[in-house]
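# Breakdown of the fold
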Amino acid sequence: MSEKSWWKEAIIYQIYPRSFRDSNGDGIGDLGGILEKLDYIERLGINTIWLNPIYQSPNDDNGYDISDYYSIHPEYGTMDQFEELLAALHGRGIRLIMDLVVNHSSDEHEWFVNSKDPREDNPYHDYYFWRKGKNGGPPNNWQSFFGGPAWTYVVEKDAWYLHLFSTKQPDLNWENPRVREEVKDVLRFWLDKGIDGFRMDVIPCISKNLEFADADNSDFAHVIEYVYSNGPRVHEFLQEMHRDVLSKYNIMTVGEGPGISQERANLYVGKSRGELDMIFHLEHMGIDHGPGGRFDPKPMDLSAFKQLWVEWDKAMGDEGWLSVFLDNHDFPRMVSRFGDDQQYRVESAKLLAMLILTMRGTPCIYFGSEIGMTNVSFDSIEDYRDVETRNFYRIFREKGLSEQEFLRLVEQQGRDNVRTPMQWDNSTHAGFTTGTPWIQVNPRYTHINVAQDHKASDSIFHFYQEMIAWRKAHSVLVYGSFTEVVTDHEHLFIYDRKSVDEHYRIVLNLGSEQVSRPELSGFALVFGTHEEQDPDLVGPWEGSIYQKIEV
Ligand code: TEU
Ligand code: CA
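Attention in this report is confined to the structure presented alongside it. It should be emphasised that the depicted structure is a prediction, and the values quoted were computed from it without experimental measurement.

### Observations regarding the site of ligand 1
Residues in close proximity to ligand 1 total 19 residues, the closest being D61, D201, D330, E388 and R415. The contact in question runs from an oxygen atom of ligand 1 to an N or O atom on the side chain of R294, over 2.9 Å. A distance of 2.4 Å is found between an oxygen atom of ligand 1 and a side-chain nitrogen or oxygen belonging to D330. In isolation ligand 1 exposes 480 Å². Once the protein is present, 95% of that is buried. Its residues assigned to classes, the shell around ligand 1 shows seven nonpolar, three polar and nine charged.

Set out below in structure tokens:
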């Protein structure tokens, strides 16, 4: 049994501020909008919020390109409003973790603007990675996560700078101790305001392989793990951040883990490591990606999906800790990707909620999942906003793909699927804004919205509310062991959660067909996604929790 921590008992709700609620009619979600919805968040049963970046940014990557780590983007509001939100959340017993993006900054950050100065003794030169080109091109063949070369040439420097993401997101050089001190100052600034921790963006990437050798780009997931992530000094840098700053506060840190494998995970989150508290591993997020990444899709493999949950729980053991999720601002809506967003939208949304809320690990719910929001399908590439989508559109068109062919890929795997505005009601723009939204509202808002779910007692929202309350009332779901109960049916996922004096068995049907109900003698049904249950058959997308009855 791992020791108790508030962040293991947390129920995290991820808010993408740009799309949650616009309070001043400019079509962009903001802090004022979140303040308006605190009753809603509290009613759901949330006790921790992860806020995507709200800092000053040119918004090339919607805030993941920070130009001033110490100020709030005016589109989102003011520092006073931020402090008002933090106090209001704490007043309700809700914690707030912020998004820390320090693998890279914006190219409009003063550090980078100064770094571009060609003078030899430029103190900012080594804040970033500048290298001479090779044979008239980039220093190596690294490719950006967003398509295209990971290097851009600056004529006044006669050199190329590294950016694993967009050209406007130059990678910070953590080898430089001054950069590490700058990061510590940023950490202290926000922690001294009283926030409760950080989600750390692409944190496995902060240590680079400095020989910058060419990569084998035939399998991008392999490049992410063995070239971009898990560099030679990553643990040294994280232990320095923990030793000098993070360890001095009662906070939580969760790393976003592209490239973190099951074997490496506890190097980052092992309780004796002095690095991070938990990670979002991304292995299941690539389960239907081919070697070319998200726009090179392959069929979903349900057995592999189930197996990953089993393997990752084993990888964590009693040493580490995961935050478990099925979607976030980078990946499609979970009910569309892992459920059925047509005939069984309500049932499958509830089932997936039961999965993440009964699993061992801190559940993280992406806003809108609690009402079963789905992927979106826009008519034109002009309707899409994501820099990754727009970059790959250009690349695919150059390869001869038509707009319609690319739009099919975006509908399935694009990030704007999860960035359409929150659907509050069936009024214009779903009650998100009185202005013109920065991105179109999903047309399904007319029947998929909070107001609708609040009226229906058997709605997805009410199930989330009940399931969250149930998890809070049963600490075995936090601290109990996890053991898969092997079944011979691909769609059935059954596992036990046990403590010294409690034993629950969770039976999930991850599909649209009925399946024979497994033998459950000695168990009594205590909670389920369906009011009625057939004694012999597990219904489509039916989930149930049984308690072992001592005889
Ligand atoms: O994401 C990094 C990451 O792994 C995802 O961007 C994903 O792998 C990528 O979309 C390729 O498919 C983090 C943030 O969550 C993301 O929003 C940012 O765009 C990115 O880093 C750069 O900061
Ligand atoms: Ca606004």
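### Thoughts on the coordination of the calcium ion (ligand 2)
Around the calcium ion (ligand 2), the protein contributes the donor atoms D22 (OD), N24 (OD1), D26 (OD), I28 (O) and D30 (OD), at 2.2 to 2.4 Å from the metal centre. In the primary structure, the donors to the calcium ion (ligand 2) are separated according to the pattern D-x1-N-x1-D-x1-I-x1-D. By relative accessible area, D22 is classed as buried at 2%. Judged by relative accessible area, D26 falls into the partly exposed class, the value being 36%.

### Considerations on the pattern of salt bridges
It is possible for side chains of opposite charge to pair when their charged atoms get near one another. Using the criterion set out here, one finds 37 salt bridges in the structure. In this structure, E275 engages R273 in a salt bridge whose closest nitrogen and oxygen atoms are separated by 2.9 Å. Exposure remark for E275: the relative accessible area of 2% places this residue in the buried category. Residue R273 is classed as partly exposed on the basis of its relative accessible area of 25%. Several salt bridges share partner residues, and in doing so they unite D61, R294, D330, D386, E388, R415 and R419 into one network.

### Quick notes on the side chain of H474
Examined against the element boundaries, H474 turns out to sit in the loop between α15 (460-473) and α16 (476-479). With residues up to four places along the chain from it excluded, the contact list for H474 reads E502 and Y504.

### Some words on the packing of helix α11 (residues 345-358) against α15
Contact pair α11 / α15: the axes reach a minimum separation of 10 Å and the direction vectors enclose 15°. One element, α11, and the other, α15, form an angle in the roughly parallel class. In this structure, α11 crosses over α15, and the sense of that crossing is right-handed. Each of R345, V346, A349, K350, A353, M354, I356, L357 and T358 in α11 lies in contact with α15, whose residues at this interface are I460, F463, Y464, M467, I468 and R471.

### Remarks on the sheet that holds strand β8 (residues 159-162)
The strand order across the open sheet built from three strands is β6-β8-β7, with neighbouring strands paired in antiparallel fashion. Both edges of this open sheet fall to β6 (130-131) and β7 (151-154), since each of them pairs with a single strand only.

### Here we look at the packing of aromatic side chains
Going through the model one piece at a time under the given rule, you end up with 44 aromatic pairs. Note on F20 and W424: the rings are 5.2 Å apart at their centroids and 80° apart in plane angle, and the pair reads as edge-to-face. Placement of F20 in the loop between β1 (12-15) and α1 (31-36) and of W424 in the loop between α13 (403-413) and α14 (450-455) is noted, with a sequence separation of 404 residues between them. Taking the relative accessible area as the measure of exposure, W424 reaches 5% and is therefore buried. Above the plane of the ring of W438 lies R18, whose end atom (NZ or CZ) is 5.1 Å from the centre. Positioned above the aromatic ring of F367 is the side chain of R333, whose terminal nitrogen or guanidinium carbon lies 5.2 Å from the ring centre.

### Digging into the nonpolar core
Of all hydrophobic cores here, the largest spans 155 residues; its most connected members are Y13, I41, F82, W190, F198, L355 and F493. When neighbours within four sequence positions are excluded, F198 is seen to be in contact with I97, M98, L100, L187, W190, L191, L246, M252, T253 and V254. Among the nonpolar cores identified, the runner-up in size contains 20 residues, and F145, L162, A215 and Y228 belong to it.

### Regarding the environment of I66
Summarising the element assignment, I66 is placed in the loop between β3 (55-56) and β4 (68-72). Put simply, I66 and S459 are 393 residues apart on the chain and 39 Å apart in space, counted from C-alpha to C-alpha. Beyond its immediate chain neighbours, meaning those up to four positions away, I66 contacts Y55, Q56, S57, V101, S105, S106 and H109.

### Concerning the sheet that holds strand β17 (residues 492-498)
Working definition: the strands of a sheet are paired by backbone hydrogen bonds and lie parallel or antiparallel to each other. Ordered by their spatial adjacency, five strands build an open sheet running β16-β17-β18-β22-β20, and the pairing between neighbours is antiparallel. A strand with exactly one partner marks an edge of an open sheet, and here the two such strands are β16 (481-485) and β20 (523-528). Taking each pair of neighbouring strands and ignoring which way they run, the sheet shows an average axis angle of 25°. Bridge count between β20 and strand β22 (residues 543-548): five bridges; the pairing is antiparallel. The partner of G528 across the bridge, within β22, is S544. Sheet strands touched by α15: β18 (503-509), β20 and β22. Its angle to β20, the strand with the most contacts, is close to 130°.

### A few points about the pairing of β18
Of all seven residues in β18, seven are buried; the element is thus mostly enclosed. Where burial is concerned, the two faces of β18 agree: the one with H503, R505, V507 and N509 and the one with Y504, I506 and L508 are both buried. Relative to β18, β17 runs antiparallel, the two being bridged by seven bridges. Within β18, the residue paired with K498 across the bridge is H503.

Basis of the calculations
- In this numbering scheme, every chain counts its residues from 1 along its sequence in written order.
- Each chain takes a letter, starting from A, and each ligand takes a number, starting from 1, following the order in which they are written.
- The predicted nature of this model means local features are confined to residues of pLDDT at least 70 and side-chain atom pairs, given and counted, to a pLDDT of 80 or more, with totals for whole chains, interfaces and linings taken over all residues.
- Calculated side-chain values reflect all of the structure's heavy atoms, with hydrogen atoms and water omitted.
- Here a residue is considered near a molecule or strand provided that any single heavy atom belonging to it is located within 4 Å of it.
- Contacts described as polar in this section are N or O atom pairs within 3.5 Å, which, within protein, must combine one atom able to donate a hydrogen with one able to accept it, while residues neighboring in sequence count only if both atoms come from side chains.
- A 1.4 Å probe and the Shrake-Rupley method give the accessible areas. Residues count as covered only by the protein chains that appear here.
- When residues are sorted by character, Ala, Val, Leu, Ile, Met, Phe, Trp, Tyr, Cys and Pro go into the nonpolar class, Asp, Glu, Lys and Arg into the charged class, and all the rest, Gly among them, into the polar class.
- Water is absent from the atoms considered, so a metal site may look incomplete; donors are defined as N, O and S atoms within 2.8 Å of the metal, or 3.2 Å for Na, K and Ca.
- Each residue is placed in one exposure class: buried if its accessible area under a 1.4 Å probe, protein chains only, is under 20% of its type's maximum, exposed if it is over 50%, and partly exposed if it falls in between.
- When a carboxyl oxygen of Asp or Glu lies within 4 Å of a side-chain nitrogen of Lys or Arg, that pair is called a salt bridge.
- Each helix is a run of H or I in the DSSP string that is no shorter than four residues. Each strand is a run of E no shorter than two, and both are numbered from the N terminus.
- Any pair of residues with heavy atoms lying within 4.5 Å of one another is described as a contacting pair.
- Geometry is summarised by axes, namely lines fitted to C-alpha atoms with helices restricted to the contacting stretch, and by angles between N-to-C directions that run from 0 to 180 degrees.
- Oblique is the label for every angle not falling under 35 degrees (roughly parallel), over 145 degrees (roughly antiparallel), or within 65 to 115 degrees (roughly perpendicular).
- For a crossing to be left-handed, the near helix must be turned anticlockwise from the far one by less than a right angle; the clockwise case is right-handed.
- By definition, two strands form a pair when at least two bridges between them are found by DSSP.
- Under the pairing criterion, centres of Phe, Tyr and Trp rings, with the six-membered ring standing for Trp, must be within 6.5 Å; the plane angle then separates stacked pairs below 30 degrees from edge-to-face pairs above 60, leaving the rest tilted.
- The rule for a charge over a ring is simple: NZ of Lys or CZ of Arg within 6 Å of the ring centre, and within 35 degrees of the ring normal.
- Here the nonpolar core consists of buried residues drawn from Ala, Val, Leu, Ile, Met, Phe, Trp, Tyr and Cys, with membership extended through side-chain atoms lying within 4.5 Å.

Interpretation note: all reported values are geometric properties and have no functional meaning in isolation.
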